Amino acid sequence: MHKSIESLLRDAEQSGRPIPQVVLETESRETGVPAEQIRARIAHTLGVMRRAIDEGLKGEVRSASGLTGGRARRLWENGPRMLGERVTVTLARAIATLEVNAAMGLIVAAPTAGAAGVLPAILISVDEFAGDMGEDKLIDAMLVAGGVGGVVAQRASLAGAEGGCQAETGTAAAMGAAAVTWMHGGTPEQISTAIALCLQGMLGLICDPIGGLVEIPCIYRNASAAMQAISASEMALAGLDFPVSADEVIDVMGEVGRRMPSAYRETALGGLAATPSARRLVQIRPTSRPSGASQ
């Protein structure tokens, strides 16, 4: 597994191989799993992502806590109003997956259950809006995303309990930004820029789930993160630059996470979770199970 975005992209450039192939061959070599099986597993994963979105958009799932359910459907039916259908659809898909997660449905942790809505919303929507790029293209995009997530896992963290929400939805957004930039023919430099632009906008994001459940504000932050990823990709593809490298931004994210007070790292002791409104919600909600079932 590559330990930096720079080494991943350099490997691709120097070997003349596409980034997805570099990630795939590295994964196959390190795990001993044939490349064909890895691609088949990713295809299955995409199917789980699609089904979670579809289930959430029905508007029928409800979490045991009563905090979430039906919001994705409401947005799907009552938008768009300002920026067009593409934005509304992507937001609704991100929320849909997190509502399924909160209801103990099957989702894909990408990279975590609390950030599971970002990548599916981006990939499924971009594929649809581009006129169906095809399953192989989506599998390749997932490989790109996985390569980025692997680097973040090594250099910083993927856990809200360790690095705040920046480590969860921030990483998911960076993975999505890289994947979408690659899907649109972005150069290695543009992919790196998209990662940096995405993460710099999410530095310091705290993890403060109300009642300690992966529900509120998580579902909304997944929607916001999807938009962050797409905007970063748009800017990178347009040729905008960022003076700090992707690896340095990842390192800063790790540093910020380590310095973040524990009250803001998934303990539900600070932030939105500690507000009077949140405390009242926790007092009146029914007894619930821990949220999140992932694959």
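Values in this document were obtained by computation on a predicted structure and should not be read as measured data.

A few words on the state of the cysteines. Using the criterion set out here, one finds zero disulfides in the structure. Free of any disulfide, Cys 198 has its nearest neighbouring cysteine sulfur in Cys 165, separated by 12 Å. Between Cys 207, a cysteine without a disulfide, and Cys 165, which holds the nearest cysteine sulfur, the sulfur-to-sulfur distance is 5.7 Å.

Let's shift gears to the layout of surface pockets. The calculated volume of the largest pocket comes to roughly 650 Å³. If you list the elements that add at least two residues to the lining of the largest pocket, you get helix H2 (19-31), helix H3 (35-57) and helix H7 (135-155). Counting residues per element, the lining of the largest pocket draws most heavily on H7, which supplies seven residues. Broken down by class, the residue content of the lining of the largest pocket amounts to 14 nonpolar, nine polar and three charged.

On to the side chain of Arg 93, then. In this fold, Arg 93 is placed in helix H5 (residues 85-102). Within the structure, Arg 93 has its side chain in polar contact with the side chain of Glu 128 (distance 2.6 Å). Beyond its immediate sequence surroundings of up to four residues, Arg 93 is in contact with Ile 53, Leu 57, Trp 76, Ala 121, Ile 124, Ser 125 and Glu 128.

Should their charged atoms come close, side chains of opposite charge can pair. The tally for this structure, following the rule as stated, stands at 13 salt bridges. Among the salt bridges present, the one from Arg 39 reaches Asp 136, with a minimum N-O distance of 3.7 Å. With Arg 39 in helix H3 and Asp 136 in helix H7, the pair connects residues that are 97 residues apart, well separated along the chain. As a salt-bridge pair, Asp 140 and Arg 39 come within 2.8 Å of each other at their nearest N and O atoms. With Asp 140 in helix H7 and Arg 39 in helix H3, the pair connects residues that are 101 residues apart, well separated along the chain. Its relative accessible area of 18% is what places Asp 140 among the buried residues. Salt bridges sharing common partners tie together Asp 11, Arg 17 and Glu 25.

Here is what the cut-offs are and how they apply
- Residues numbered from 1 in each chain as written.
- Predicted model: local features only at pLDDT ≥ 70, side-chain atom pairs only at ≥ 80, totals over all residues.
- Heavy atoms only, no water.
- Disulfide = S-S within 2.5 Å.
- 1 Å grid on protein atoms, 1.4 Å probe; cavity = no way out; pocket = protein on both sides within 12 Å on 5 of 7 lines; lining within 4 Å.
- Points joined across faces, edges and corners; volume = space filled by probe spheres on them.
- Helix = DSSP H or I, 4+ residues; strand = E, 2+ residues; numbered from the N terminus.
- Nonpolar A, V, L, I, M, F, W, Y, C, P; charged D, E, K, R; others polar.
- Polar contact = N/O pair within 3.5 Å; in protein donor to acceptor, adjacent residues only side chain to side chain.
- Contact = heavy atoms within 4.5 Å.
- Salt bridge = Lys/Arg side-chain N within 4 Å of Asp/Glu carboxyl O.
- Buried < 20%, exposed > 50% of the residue type's maximum accessible area, 1.4 Å probe, protein only.

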